Amino acid sequence: MKLKKLLALILALAMALSLAACGSSSSSDTTDDTEDTSAAAATEDTSAAADADAASGDVDYSDLNVGIFWYAFSDTFLSTVRSSLDETLDAAGITYTDYDGNSNQTTQNESITTALTNGCNLLLVNLVESGSEDAAQKIIEEAAGYGVDVYFFNRTIEADGNEGALLNAYDNVAFLGTDAPEAGHMQGEMIGEYLVENYDAIDLNGDGVISYAMFKGQEGNAEAIYRTQYAVEDANTILTEAGYAELEYFDANNSDKYQVDTNGAWSASAATEYMQTNLSQYSEANGNMIELVICNNDDMAAGAVQALQAAGYNNGEGTTTIPVFGVDATDTAKELIANGYMVGTVAQSNTGYAYGLKFLIDQAVSGAVPTEATAALAADTSEYTFTLADGIDSKVYMAYSAYTGE
């Protein structure tokens, strides 16, 4: 956790009498009083020593105060990550505070400013405005002024096509997430293979074309963009190679070929409302029934299933099941898949995030700068698979996996 040795030492002396506001809590309103230790940023430990300490579990957390900033407590998948991470940090005796950004970047910024002012010396940030370089840069530079490292996670901090613009420009920042295109490719492969195996049953009107609906979580979000693109493109590749027609979006008047949650919340309610409206116009009776539903996350998939069930579909034996696919492998999705109401999802591990973030914390406390910490995580093979991004030493990916309940 060091940006510049001299800066960190000065800050440590200046803040030695201050009290930290980062206490172990699930709310930003609760804090524990702990001596500030920005001097930890000036440690002389080598990365090799950091690796050894982290691997042995011999890490001293007494001087550590972590601020964890979530884009929204209400997000279903991230709530499971938060639960896993809290449990992991509690077990290690690490002092931390969770802050709810409530889907508002200004709220998150204010929480970060307060935390830094009161002595937090390591930040984990789940950026509200995914892909916003301006928002991320403000946080990075503010933290740098305190000699504090920032580990962003899950939600990208750089615009699509501009990877490395921030991560390669600052030495106090790193990112732990997933490779955005991977989920789309994995979902597309899963969809294509399922359609080829079950084509006649899915083609309800027998016209030789599968009509699909697509629910996109958020405009401008790299994960949503790539999932929307590759889920269809890769499925089409498999279909055409098998001699079938490409997928056809159900509404010929929608040139975007998706419906988006206008609140950017990737919510079940948005998908339910869209699907209810869709089914009022597109039905088996009209010969234009939606025959496939692709969702960028499992909340929207669950919402789509709810609307389908209300219309008499996806209720189990004896009813027609419209294949629905999602991303995240939430408990709700797993249950829907187990009951036969949903076909598949793409899993990103909540416990994997907790493991990876705790690993990075250990590296930081032991003296590793962010690029050393991410390199060590990528080299770790004990529980999960992590890889460094090409050309960006401070960006590490956690692998996805397909989930169909089998």
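Refer to the structure above for everything that follows.
This write-up is about the structure you can find in this document. (Residues numbered from 1 in each chain as written. Predicted model: local features only at pLDDT ≥ 70, side-chain atom pairs only at ≥ 80, totals over all residues. Heavy atoms only, no water.)

### Concerning the packing of aromatic side chains
This is how the line gets drawn: Any two rings among Phe, Tyr and Trp, with Trp reduced to its six-membered ring, count as a pair given centres within 6.5 Å; such a pair is stacked if its planes are under 30 degrees apart, edge-to-face if over 60, and tilted if neither. The helix and strand labels rest on DSSP assignments: H or I over at least four residues marks a helix, E over at least two residues marks a strand, and numbering proceeds from the N terminus. Categorising residues by exposure relies on relative accessible area from a 1.4 Å probe, with only protein chains included: less than 20% of the type maximum marks a residue as buried, more than 50% marks it as exposed, and the intermediate range marks it as partly exposed. Here, a charge over a ring is recorded when the distance from Lys NZ or Arg CZ to the ring centre is within 6 Å and its angle to the ring normal is within 35 degrees.
If you walk through the whole model with that rule in mind, you get 14 aromatic pairs. Between Tyr 355 and Tyr 384 the ring centres are 5.4 Å apart and the planes differ by 50°, which places this aromatic pair in the tilted class. Taken together, the residues Tyr 355 in helix α11 (residues 350–365) and Tyr 384 in the loop between α12 (370–379) and β14 (386–389) connect sequence positions 29 residues apart. The class of Tyr 355 is buried, set by a relative accessible area of 18%. Relative accessible area serves as the criterion here: at 23%, Tyr 384 is assigned to the partly exposed category. One aromatic cluster in this structure is built from Tyr 212, Tyr 249, Phe 250 and Tyr 282. Directly above the ring of Tyr 71 sits Arg 155, whose terminal nitrogen or CZ lies 3.7 Å from the centroid. Across from the ring centre of Tyr 403, 5.4 Å away, lies the NZ or CZ of Lys 334, which sits over that ring.

### Details of the pairing of strand β15 (residues 392–398)
Regular strands place their side chains on alternate faces of the sheet. Using the following cut-off: For two strands to count as paired, DSSP must find a minimum of two bridges between them.
The buried count for β15 comes to six of seven residues, which makes it a mostly enclosed element. Bridge count for β14 against β15 is four bridges, and the pairing is antiparallel. For Leu 388, the partnering residue across the bridge sits in β15 and is Val 396. Hairpin remark: β14 followed by β15, antiparallel, with two residues in the connecting loop; positive phi at Gly 391, about 75°.

Function cannot be inferred from these measures alone, as they are strictly geometric.
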